[in-house]
Amino acid sequence: MPVQSHIASEQPGSGLLGAGDIRRLAMEAGITPTKKLGQNFVIDPGTVRRIVHEAGIHAGESVLEVGPGLGSLTLGLLESGADVHAIEIDAALARKLASTVREFMPEAAERLSVLNMDALQVQARDIPDFEDGRPFSLVANLPYNVATPVILTLLARFPALNSLLVMVQKEVADRLVAQPGTKIYGVPSVKLAWYGNAQRAGSVGRNVFWPAPNVDSALVRFQRTQGNHQPDDTRAVFAIIDAAFRQRRKTLHAALRGVVHDSAYQICGIDPRRRGETLSIDEFESLSLAESGRPFQEQHNLEASGSGYDAKLS
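The rules behind the values
Along every chain, residues carry numbers that run from 1 in the direction the sequence is written. Side-chain atom pairs in this predicted model are given and counted only at pLDDT of 80 or more, local residue features only at pLDDT of at least 70, and totals for whole chains, interfaces and linings cover all residues. The basis for the side-chain values is all heavy atoms of the structure; hydrogens and waters are excluded. What counts as a salt bridge is simple: a side-chain nitrogen of Lys or Arg found within 4 Å of a carboxyl oxygen of Asp or Glu. We count a stretch as a helix when DSSP gives it H or I for four or more residues in a row; a strand needs E for two or more, and each element gets its number in order from the N terminus. Relative accessibility thresholds used throughout: buried, under 20% of the residue-type maximum; exposed, over 50%; partly exposed, between the two (1.4 Å probe, protein chains only). Residues belong to a common nonpolar core when they are buried Ala, Val, Leu, Ile, Met, Phe, Trp, Tyr or Cys residues joined through side-chain atoms within 4.5 Å. The criterion used for residue contact is that any of the two residues' heavy atoms lie within 4.5 Å. Only the contacting stretch of a helix is used when fitting its axis, a line to C-alpha atoms as for every element, and angles between N-to-C directions run 0 to 180 degrees. In what follows, roughly perpendicular refers to angles from 65 to 115 degrees, roughly parallel to angles under 35, roughly antiparallel to angles over 145, and oblique to any angle outside these ranges. When the near helix sits turned anticlockwise from the far one by under a right angle, the crossing is termed left-handed; a clockwise turn instead gives a right-handed crossing. Under the grouping applied here, Gly and all other residues not named as nonpolar or charged are polar, the nonpolar ones being Ala, Val, Leu, Ile, Met, Phe, Trp, Tyr, Cys and Pro and the charged ones Asp, Glu, Lys and Arg. Any two strands with at least two DSSP bridges between them are considered paired. Working definition: rings of Phe, Tyr and Trp (its six-membered ring) pair if their centres are within 6.5 Å, and the pair is stacked with planes under 30 degrees apart, edge-to-face with planes over 60 apart, and tilted otherwise. As a per-residue measure, pLDDT reflects the predictor's confidence and takes values from 0 up to 100.

1. Considering the pattern of salt bridges
In total, this model carries 15 salt bridges according to the counting rule given. Residue Glu28 is joined to Lys96 by a salt bridge in which the shortest nitrogen-to-oxygen separation is 3.0 Å. Residue Glu28 is found in helix 1 (residues 19-29), and its partner Lys96 is found in helix 4 (residues 91-104); the two are separated by 68 residues along the sequence. Since its relative accessible area comes to 45%, Glu28 is described here as partly exposed. The residue Arg249 makes a salt bridge to Glu277 at a minimum N-O spacing of 2.6 Å. With Arg249 in the loop between helix 8 (231-246) and helix 9 (252-255) and Glu277 in the loop between helix 10 (262-268) and helix 11 (281-292), this pair connects stretches of sequence that are 28 residues apart. Among the residues examined, Arg249 registers a relative accessible area of 52% and is labelled exposed.

This is the structure in structure tokens:
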């Protein structure tokens, strides 16, 4: 579905915000968009409805929104019949959001809760409604400067976070969905793949924002497929990923020296002459499992044979 090349005007009674509404609400709240917080407010109702549609949100579902700003997407989510839990770091915006919903969509006000805090600091206990284990979705227009850490942090802390649809900077979107062996494949790509599958869900033009950013945006859709990892497993795999990409042009044997023993490569069948940028998440996991189980394996299986890879690398 293409993005309209013009900025849609607000339609009376539509319940969604247009450009004039956004500017008025910002003025009333004494809010000036700041680059530091990555504040670019969506002023096109058509784009809002497109995001909600792409996210597949239906009535009765629970949605987490990070960075609701002045409420453009919040109202779109509430329009779908969902219950929305919004996390907003800016105190002035957090205070304004509830009153905006009461003004534009009063019948949905009881389905909104607002938490004024940094999304990178939020814990499961901060949102009791998400503690019962029922699946929920993240739908958000994420600030460009914190998009990746917010996504990975929430996936780690909320096992019931089952899917997401986020609008991010185009370059961030490209990195999140990149595949092994490509130039933009890196730490965000692999770590997101640890939790499930991500794909591009379309592009978004600059003209749907106020103020208009200097970069293009894109939508990323994600579905959790890998179940709930144990924290220790995640830490072990992520440590290897970080080390492999810290020196991405070096071979695994060089980049992971002191992190992965030579014999672990033989155990999992991965050639240590490869670079980290060629490994899939499954291979990183195999390497981590081989390293964690290496002492037992060496004692029972490799004691007499030695490592074939050691010979090649000596």
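From this point, the discussion proceeds with the structure in view.
2. A short note on the nonpolar core
Core analysis: the largest hydrophobic core is formed by 54 residues, its most contacted members being Leu138, Leu142, Leu154, Leu256 and Phe284. The contact partners of Phe284, leaving out residues within four places of it in the chain, are Val190, Val237, Ile240, Ile241, Ala244, Phe245, Gly276 and Leu279.

3. Topic: the packing of helix 2 (residues 45-55) against helix 3 (residues 72-79)
Direction vectors running N to C along helix 2 and helix 3 enclose 50 degrees, while the axes themselves pass 9 Å from each other. Our classification of the angle between helix 2 and helix 3 gives oblique. For helix 2 against helix 3, the interelement crossing comes out right-handed. In this structure, helix 2 uses Val48, Arg49, Ile51 and Val52 to contact helix 3, whose residues at the interface are Ser72, Leu73, Gly76, Leu77 and Glu79. Here the residues of the contact of helix 2 with helix 3 sort into five nonpolar, two polar and two charged.

4. Some points on the sheet that holds strand 4 (residues 112-116)
By way of backbone hydrogen bonds, the strands of a sheet pair with one another, either parallel or antiparallel. If you walk across this open sheet you meet the seven strands as 4-3-2-5-6-9-7, and the pairing is mixed. The open sheet has two edge strands, strand 4 and strand 7 (196-204), and neither has a second partner. Here the strands of the sheet are splayed against their neighbours by 20 degrees on average, with no regard to which way each runs. In the sheet, strand 2 (residues 62-66) pairs with strand 3 (residues 83-88) via five bridges, with the strands oriented parallel. From the neighbouring strand, Glu65 faces strand 3, where its bridge partner is Ala86.

5. With respect to the environment of Gly196
Within the secondary structure, Gly196 sits in strand 7. By relative accessible area, which is 3% here, Gly196 ends up buried. The sequence separation of Gly196 and Arg224 amounts to 28 residues, and the corresponding C-alpha distance is 4.2 Å. Those residues within four positions of Gly196 in sequence are excluded, and the remaining contacts are Phe222, Gln223, Arg224, Thr225 and Gln226.

6. Let's talk about the packing of aromatic side chains
This model, assessed by the stated rule, comprises eight aromatic pairs. Arranged with centres 3.8 Å apart and planes meeting at 5 degrees, the rings of Phe130 and Phe136 form a pair that is stacked. For the pair shown, Phe130 and Phe136 are each scored as buried. With centroids separated by 6.0 Å and ring planes inclined at 70 degrees, the aromatic side chains of Tyr185 and Phe245 adopt a geometry described as edge-to-face. Of this pair, Tyr185 sits in the loop between helix 6 (170-177) and helix 7 (187-195) while Phe245 sits in helix 8, and the two are 60 residues apart along the sequence. For the residue pair Tyr185 and Phe245, the accessibility class agrees, reading buried in each case. Through a chain of ring-to-ring contacts, three or more aromatic side chains come together here, namely Phe130, Phe136 and Phe158.

7. With respect to the side chain of Lys96
Overall, Lys96 belongs to the buried group, its relative accessible area being 16%. Leave out the neighbours within four places in its chain, and Lys96 touches Leu25, Glu28 and Ala29.

8. Points about the environment of Val63
Tracing the chain through its elements places Val63 in strand 2. Judged by relative accessible area, Val63 falls into the buried class, the value being 0%. C-alpha of Val63 to C-alpha of Thr74: the two residues are 11 residues apart in sequence and 9.7 Å apart in space. Beyond its immediate stretch of four places on either side in the chain, Val63 contacts Ile57, Leu77, Ala82, Asp83, Val84, His85, Phe130, Ser137 and Val139.

9. Considering the confidence of the model for the protein
Atomic detail in the predicted coordinates should be set aside for any region of low pLDDT. The pLDDT averaged across the protein works out to 89; a share of 88% of its residues lies at or above 70. Low confidence marks residues 1-13, where pLDDT is under 50. Its contacts with residues over four positions away, or in another chain, come to 20 contacts. Below a pLDDT of 50 lies the segment residues 302-314, which in the model reaches 21 contacts outside its immediate sequence neighbourhood of four places, other chains included.

10. A look at helix 5 (residues 147-157)
In terms of burial, helix 5 is largely enclosed, as eight of its 11 residues are buried. Regarding helix 5, the residues found buried are Ala147, Thr148, Val150, Ile151, Leu152, Thr153, Leu154 and Leu155.

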